[in-house]
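Spelled out from the first residue to the last, the chains are:
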Amino acid sequence: MNPVLPLALALATAVAAGGRLLLWQQSGPQDSGSLLTLLLGESRRAFADQMFLKADGYYHMGNYPSVFDLALPDGKTHMAKESEGHDQHGHSQPLPHHRDWLEAFGHHFRPTGHRHLDGIRDGREILPWLRLSAELDPHRVDSYTVAAYWLRERLNRVPDAEAFLREGLRANPDSYEILFELGRLYAENNRDVPRARAVLELAINKWIHREAAKPAPDTPSYRLILGQLATLEEQAGNLDRALAHYTRLKHFSPQPDAVQKRIDEVLTKMARPK
Amino acid sequence: MNTVWSLAKVVVLEMVRRKDFYVLFILTVLLTGTAGSVNLFNDRSIVRYLKEICLLLIWLSGLIIAITCTARQIPAEREHRTIFPLLAKPVTRGQFLLGKFLGCWVATGMALVLFYLLFGLVSGSRDHQWPVLNYLQAAWLHWMMLGIVIAFTLLGSIVFAAPSSNGTISFACAAGMLLLGRHLNKVALSVAEPLQSLLYTAYFILPHLELFDVRELIIHDAGLIRWDMVTLATLYAAAYGAFFLFGAWLAFRRRPLN
Amino acid sequence: MDATLSIEKLRVEYRSRDLGEATKVAVDGLSLHVGQGEVFGFLGPNGAGKTSTMNVLLGFVPPASGTAHIFGVDVIEPIARQRIGYLPEQTYYYKFLTAEELLRFYAGIFRIPKAETERRIDAVLKLVELDHARKRQIKTYSKGMQQRAGLAQALINNPDLLILDEPTSGLDPIGRMKVREIIQRLKGEGKTVFFSSHELGEVETVCDRVAILHQGQLKTEGRVSDLVREHSANLEQIFLKLIGYSPQP
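Quick look at the structure, then. (Residues numbered from 1 in each chain as written. Chains lettered and ligands numbered in written order. Predicted model: local features only at pLDDT ≥ 70, side-chain atom pairs only at ≥ 80, totals over all residues. Heavy atoms only, no water.)

## A look at the overall build of chain C
Where we set the bar: Counting from the N terminus, the helices are the DSSP runs of H or I reaching at least four residues and the strands are the DSSP runs of E reaching at least two. Here the globule rule reads 2.2 Å times residues to the power 0.38, and the radius of gyration is calculated from C-alpha atoms. Only protein chains enter the accessibility calculation, which uses a 1.4 Å probe. A residue is then buried if its area is under 20% of the maximum for its type, exposed if over 50%, and partly exposed in between. Only the protein chains shown count as covering a residue, and every accessible area follows the Shrake-Rupley method with a 1.4 Å probe. In this tally Asp and Glu are treated as negative and Lys and Arg as positive; neither His nor the chain ends contributes. A charge is said to be at NZ when it belongs to Lys, at CZ for Arg, at CG for Asp and at CD for Glu.
In terms of regular secondary structure, chain C is built from eight helices and ten strands. Taken over C-alpha atoms, the radius of gyration comes to 19 Å for chain C, in line with the 18 Å a tight globule of 249 residues would show. For the C-alpha atoms alone, the extent of chain C along its principal axes is close to 55 × 40 × 40 Å. Expressed as a percentage of its 249 residues, the buried residues of chain C come to 52%. Of the roughly 11,400 Å² of accessible surface on chain C, a fraction of 48% belongs to carbon and sulfur atoms. Averaged over its 32 positive side-chain charges, chain C has a centre that lies 5 Å from the centre of its 31 negative ones.

Written out as structure tokens, the structure reads:
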């Protein structure tokens, strides 16, 4: 390779990027994704998806099925499900059947077996990819919520989680998902009931604003927010409010009996003399 | 063997004196350093992403060094006419090809040693672990894989006249095999005959370069690979390397040099 | 006199890759014999078949028919090239090597022992007057220096037969004179030299015998003095006459 070539390429890239950066700078204030938009265009979203998948691959210690192997029916990664607290995929599933000798031989050279990252030391390793995913596509809310979950729940780094969620909120002010995660943080980690309430109620408003009119709204998220808010109010002793939220939740829940049980518990508490 | 080694030494010397390797090495150091200096949630103990980036750069550099170094060998000998005084000496065409192969392979191996030393340093400085044997296995398998790549690029340099087209085709083939090689059988199962048989045949015939890519094992501290498997992989690489070299010799042995 | 180099009814063809284009005959029925210690000039205009003949002698191109032997060994055997030195026309040697390294590399191919290699490197670099630049990379050499480096590599194995393709091509008058002197010295040492050239004056000066080739066929062969006497003309006039060149009135 002629050494002049990479230099020329670097120079050309620098000049081209410099020119465009100048135009970008002149066009006024931008959000954090604009620079990457400028450089990568719309392909940054695809890169962001790849980075998110990479994080999921790390969560599985490098053993992650490719698009050729299998795709989860709901299209969500295992890691995202974990953060939502309902990871249902089989941890004890048997090793895949080897179709031929090459496949069997190849299994000696890459991670096999279904394992998850665990513990403080390993857990943090997914964070760079989520950070990069968020940098590449600031509107991909999963990146913020999953990273925040790991930061606060597994690594006990609540301030970092809050800062990252706030960063996500700046880029996605209408995101009920980020607001929910932020509310969870205030409720479970900071024990700041007024802030948690305010944020979760805002999340409900955002959800109603964005999803309610849709033919197929994102009800699982709505249920999570309502559940979180109801629990918060119940624990704070605001039983009237808790009851109202549980009643609303029952309407959307696939297991109304379970919610009714909670309603009954609240009613029992309310019936007790003060 | 003396003749082959003499030819190889010139190729090694060429790589040492050209700037390609240094450019790639410095680029790897700079990019790894930049990636390492990024503040990720104020946590300096996050290391696997750094290992991943460093290894990716090493793999890219390894492929670039191996392919560009090999692709230019025979065309440059022809263009500068040095092939004439060389083959006017008691050198068979087979020795000529073997010498070129050995030179490119040894030169690439030397580059890999430096790259993996850098990787060891980067990883060890953050991780405070020194799994030398794991790194040795990774570097060895990487080198074996590049042996196959060098052999087929050498064959390509006889088939295609221009080093640029050979380099591009070789790079595309190597990248294609690395990315898709292990999925060809699954793709085959999802298509109808006769494409299924065709894909399955390709799956068994093409060299599976991805077998030698043990980066995930290194990144996720997955432990040593069984040594008998490493030996088998080495034999697998040797068989494919020999196959491509034989092909190169068949194509070159009676080709007029004028 | 033993034939160091012998060619019998040699025919060289180049097949065209283009459809419908006929096979080109570069050399047709050439027979030549060069004795030990002779300086043999191989003459002809461009495209006469000189380089094609040399390519066969060096094993670069297989003959369509006929045979060629060097020291009695068929040229298709690599061992036939153990005792020859070859200087191709306009070669750009490995520019990242020094002259010393270049010669050490070629000596390695001949399996010359280390001490002997160093001794020969000293000798040939002195002979071609590159001793002062031996540690400089070839990329810093002038064209004449590169040609002399080429001559040095051709001499590294102390060959008994030297095949030189246009050895003075592209050199300035001083460079040409130096090459001529080297050929004379080699002749003095009893080496056989087979060389092609356009420089008829040079050929007349250094050659014992010459052969003139035109359109792949041998037009004449003999001692320079015999040809001059036979045709009552100088070598240039003989050459022009044999290739059918007639000057415009």
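Back to the text.
## Re the overall build of chain B
Basically, it comes down to this: Throughout, a residue-residue contact means that at least one pair of heavy atoms, one from each residue, lies within 4.5 Å.
When its secondary structure is counted, chain B shows eleven helices and zero strands. When the elements of chain B are put in sequence order from the N terminus, they spell out α-α-α-α-α-α-α-α-α-α-α. Scaling as 2.2 N^0.38, a compact globule of 258 residues should have a C-alpha radius of gyration of about 18 Å, and chain B matches this with 20 Å. Its C-alpha atoms give chain B principal-axis dimensions of roughly 65 × 50 × 35 Å. Expressed as a percentage of contacts within chain B between residues at least 6 apart in sequence, the contacts between residues at least 24 apart total 81%. Of the roughly 10,500 Å² that chain B leaves accessible, carbon and sulfur atoms contribute 73%.

## Points about the pattern of salt bridges
All names here are of chain C. For clarity, the cut-off: Just to be clear on terms, a salt bridge is a Lys or Arg side-chain nitrogen sitting within 4 Å of an Asp or Glu carboxyl oxygen.
Applying the stated criterion to the full structure yields 49 salt bridges over all chains. Between D160 and R83 there is a salt bridge whose closest N-O contact spans 2.8 Å. Here the residue D160 occupies a position in the loop between α4 (143–155) and β7 (161–165), and R83 occupies one in the loop between β5 (73–74) and β6 (84–87), the gap between them amounting to 77 residues. Residue class for D160 comes out partly exposed when judged on its relative accessible area of 30%. The class for R83 is partly exposed, based on a relative accessible area of 40%. Residue D122 pairs with R134 through a salt bridge whose shortest N-O separation is 2.8 Å. Of the two residues, D122 is situated in helix α3 (residues 114–127) and R134 in the loop between α3 and α4; the sequence distance between them amounts to twelve residues. A residue is classified by how much of its surface remains accessible, and D122, at 29% relative accessible area, is partly exposed.

## Considering the side chain of E100(C)
Residues and elements named next belong to chain C. What counts, and what does not: Any N or O atom pair separated by 3.5 Å or less is treated as a polar contact, with the protein-specific requirement of one donor-capable and one acceptor-capable atom, and with residues adjacent in sequence counted only for side-chain atom pairs.
Here E100 is to be found in helix α2 (residues 99–109). Given a relative accessible area of 8%, E100 falls into the buried group. A distance of 3.1 Å separates polar atoms of two side chains, one belonging to E100 and the other to K135. With near-sequence residues (within four places) excluded, E100 lies in contact with I121, R134 and K135.

## A closer look at the environment of G108(C)
Looking at the secondary structure, you find G108(C) in helix α2. Exposure remark for G108(C): the relative accessible area of 15% places this residue in the buried category. Considering only alpha carbons, one finds G108(C) and I76(C), 32 residues apart in sequence, at a separation of 22 Å. Residue contacts for G108(C): discarding those within four places in its chain leaves N2(B) and S6(B).

## Description of the sheet that holds β5(C)
Residues and elements named next belong to chain C. Note the cut-off: For two strands to pair, DSSP has to find at least two bridges joining them.
Strand order in the open sheet made by the four strands is β2-β1-β4-β5, with antiparallel pairing throughout. Pairing within the sheet leaves two strands with one partner each, and these edge strands are β2 (24–35) and β5. Sheet analysis places strand β1 (residues 3–14) next to β2, joined by nine bridges and oriented antiparallel. Residue L10 lies in a different strand from β2, and its bridge partner there is L30.

## Concerning the interface of chain C and chain B
Keep this limit in mind: When two components associate, each loses some accessible surface as probed by a 1.4 Å sphere; the sum of these losses over both components is called the buried area. Under the scheme applied here, ten amino acids are nonpolar (Ala, Val, Leu, Ile, Met, Phe, Trp, Tyr, Cys and Pro), four are charged (Asp, Glu, Lys and Arg), and all others, including Gly, are polar.
Contact with chain C, which involves 30 residues of that partner, is made by 28 residues of chain B. For the pair chain C and chain B, the summed buried area comes to about 2,600 Å², and 63% of that belongs to carbon and sulfur atoms. When the area that chain C buries against chain B is broken down by residue, the three leading residues are F60(C), F96(C) and I109(C), summing to 25%. Between chain C and chain B we count ten residue pairs in polar contact (both at pLDDT 80 or more) in total. Taken together, the elements giving at least two residues each to the side of chain C that touches chain B come down to β6 and α2 of chain C. Here the side of chain C that touches chain B takes five residues from α2(C), the largest share from any one element. When grouped by side-chain class, the residues that make up the side of chain C that touches chain B number 17 nonpolar, nine polar and four charged.

## Focus on unusual backbone geometry
Here the amide bond leading from E193(B) into P194(B) is cis, since omega sits at 5 degrees, within 30 degrees of zero. Looking at where P194(B) falls in the secondary structure, it is placed in the loop between α8 (184–189) and α9 (195–205). Despite not being glycine, E166(C) has its phi angle at roughly 45 degrees, a positive value. A positive phi angle, near 50 degrees, is found at Q215(C), a position not held by glycine.

## Comments concerning helix α8 (residues 141–154) of chain A
Along an α-helix, residues three or four positions apart point the same way, because every turn accommodates 3.6 residues. Residue and element names in this part refer to chain A. To be explicit about the condition: Residue count minus one, scaled by 1.5 Å, sets the expected span of a helix.
Over its 14 residues, α8 runs 19 Å from end to end, which matches the ideal 20 Å to within 8%, given 1.5 Å per residue. The buried fraction of α8 amounts to eleven of the 14 residues, a majority that puts the element mostly inside the structure. Of all the residues in α8, the buried ones are V141, S143, Y144, T145, V146, A147, A148, Y149, W150, L151 and R152. Downstream of α8 by a residue or two, N156 has a phi angle that is positive, lying close to 55 degrees.

## Here we look at the pairing of β1(C)
Bridge count between β1(C) and strand β4 (residues 65–70) of chain C: five bridges; the pairing is antiparallel. The residue of β4(C) that forms the bridge with S6(C) is H69(C).

## Some details on the interface of chain A and chain B
Contact residues are listed per partner, giving 35 residues for chain A and 44 residues for chain B. The interface formed by chain A and chain B contains two salt bridges. Among the ionic pairs, K54(A) bridges to E52(B), the shortest N-O distance being 2.5 Å. Along the contact surface separating chain A from chain B lie nine residue pairs in polar contact (both at pLDDT 80 or more). The element that contributes the greatest number of residues to the side of chain A that touches chain B is helix α5 (residues 101–106) of chain A, accounting for five residues. Taken together, the residues of the side of chain A that touches chain B sort by class into 17 nonpolar, five polar and 13 charged.

## Brief notes about the sheet that holds strand β10 (residues 217–223) of chain C
Residues and elements named next belong to chain C. Short version of the rule: To obtain an axis, a line is fitted to C-alpha atoms, over the contacting stretch when the element is a helix, and the angle between two such axes runs from 0 to 180 degrees between their N-to-C directions.
Overall, mixed pairing links the six strands, which are arranged β6-β7-β8-β3-β9-β10 in an open sheet. Two strands close off the open sheet at either side, each with one partner strand: β6 and β10. Here the average twist between neighbouring strands, direction ignored, is 15 degrees. Judged from the four bridges that link them, β6 and β7 form a sheet pairing that is parallel. The residue bridging Y86 from the neighbouring strand is I163, located in β7.

## So, the environment of T4(C)
Residue and element names in this part refer to chain C. Mapped onto the secondary structure, T4 falls in strand β1. Judged by its relative accessible area of 4%, T4 is buried. Contact partners of T4, with chain neighbours within four places excluded, come to V34, G35, Q36, H69, I70, F71, L161 and T192. Here the side chain of T4 touches Q36 through a polar contact of 3.3 Å, landing on its backbone nitrogen.

None of the figures reported here should be taken as evidence of function without further support.
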